[in-house]
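Working through the structure, step by step
The residues making up each chain are set out below.
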Amino acid sequence: MRKTPAECTDMADVRAEIDRLDQALMALFAERWGYIDRAAEIKRPLKLKADIPARVMEVRENARKNAERRNLDPDFYEEIWARLINHAIAHEQKILGETDGDDQAR
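A brief look at the structure comes next. (Residues numbered from 1 in each chain as written. Predicted model: local features only at pLDDT ≥ 70, side-chain atom pairs only at ≥ 80, totals over all residues. Heavy atoms only, no water.)

**Quick notes on the side chain of E17**
Worth spelling out the cut-off: Secondary structure follows DSSP: runs of H or I at least 4 residues long count as helices, runs of E at least 2 residues long count as strands, and numbering of each begins at the N terminus. Side-chain atoms alone can form a polar contact between residues adjacent in sequence; in general such a contact is a pair of N or O atoms within 3.5 Å, and within protein one must be able to donate a hydrogen while the other accepts it. We call two residues in contact when some of their heavy atoms are within 4.5 Å.
Of note, E17 is situated in helix α1 (residues 11-46). Among the polar contacts made by the side chain of E17, one reaches the main-chain amide nitrogen of K3 at a distance of 3.3 Å. Among all residues touching E17, those that are not within four sequence positions of it are M1, R2, K3 and C8.

In structure tokens:
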């Protein structure tokens, strides 16, 4: 059963909740990745590049704002999102034939 941080009475409770959240985060990352694949499919006939700098900046700024709203370190979360973005761009570039190399995405 789900517990709030305040309802956790020992480390086993805390660890169980962290593990539950980690699983939920992975499910969200998998869902997000589905949209990355779909973006590449949509970009191909439109002849759009994988890397669209204005969108990259928008997503990074959104990460900062979302972190700030939740009193989290915006620099840290922007850095995480920068890595997510770079990974997604590399994946899309391979799908779109913009680059050669091994796909280490996912």
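So that's the structure; there's more coming.
**Overview of the layout of surface pockets**
What counts here: Only protein atoms enter the 1 Å grid, on which a cavity is a set of points fitting a 1.4 Å probe that cannot get out and a pocket is an open set with protein on both sides within 12 Å along at least 5 of 7 lines, lining residues being those with an atom within 4 Å of a point. Grid points are joined across faces, edges and corners, and a volume is the space filled by probe spheres set on the points. Any residue outside Ala, Val, Leu, Ile, Met, Phe, Trp, Tyr, Cys, Pro, Asp, Glu, Lys and Arg is labelled polar, Gly included; the first ten of those are nonpolar and the last four are charged.
In this structure, the largest pocket encloses a volume near 600 Å³. Along the walls of the largest pocket sit 22 residues, with R32, R55, V59, W81 and I85 positioned nearest its centre. Looking at the lining of the largest pocket, the elements that each hand over two or more residues are α1, α2 (53-69) and α3 (74-95). Residues of the lining of the largest pocket, tallied by class, amount to 14 nonpolar, two polar and six charged.

**Some details on the pattern of salt bridges**
Basically, it comes down to this: Between Lys or Arg on one side and Asp or Glu on the other, a salt bridge is scored when a side-chain nitrogen of the former is within 4 Å of a carboxyl oxygen of the latter. Here the term buried applies to any residue with accessible area under 20% of the maximum for its type, exposed to any over 50%, and partly exposed to those in between, with areas from a 1.4 Å probe on protein chains only.
Scanning all chains against the criterion turns up eight salt bridges. For the salt bridge of K43 with E92, the shortest nitrogen-to-oxygen distance reads 2.6 Å. In this pair, K43 sits in helix α1 while E92 sits in helix α3, placing the two residues 49 residues apart along the sequence. The same class applies to K43 as to E92, namely buried. We note a salt bridge from E78 to R64, for which the minimum N-O separation is 2.7 Å. Of this pair, E78 sits in helix α3 while R64 sits in helix α2, and the two are 14 residues apart along the sequence. With a relative accessible area of 14%, E78 lands in the buried category. A relative accessible area of 22% places R64 in the partly exposed class.

**Some details on unusual backbone geometry**
Here the phi dihedral of K47 falls at roughly 60°; this positive angle occurs in a residue that is not glycine. Topologically, K47 is positioned in the loop between α1 and α2. Non-glycine residue N71 carries a positive phi angle of around 60°. Mapped onto the secondary structure, N71 falls in the loop between α2 and α3.

**Some words on a nonpolar patch on the surface**
Going by this rule: Within the patch definition used here, like charges are joined within 9 Å and nonpolar side chains (Val, Leu, Ile, Met, Phe, Trp, Tyr) within 5 Å, considering only residues with over 30% relative accessible area and no salt bridge. Each accessible area value is a Shrake-Rupley result obtained with a 1.4 Å probe; residue values ignore everything except the protein chains displayed when judging cover.
Where nonpolar side chains cluster on the molecular surface, the patch consists of L25, M26, L28 and F29 and spans about 390 Å² of accessible area. Summarising the element assignment, L25 is placed in helix α1.

**A look at the nonpolar core**
What counts, and what does not: Residues enter a nonpolar core if they are buried and are Ala, Val, Leu, Ile, Met, Phe, Trp, Tyr or Cys, with the set joined through side-chain atoms within 4.5 Å.
Grouped together as the largest cluster of nonpolar side chains are six residues: A50, V56, V59, I85, I89 and L96. Mapped onto this core, the elements with two or more residues apiece are α2 and α3. Ignoring any residue separated from it by four or fewer positions in sequence, one finds A50 in contact with K43, I89, E92, Q93, L96 and E98.

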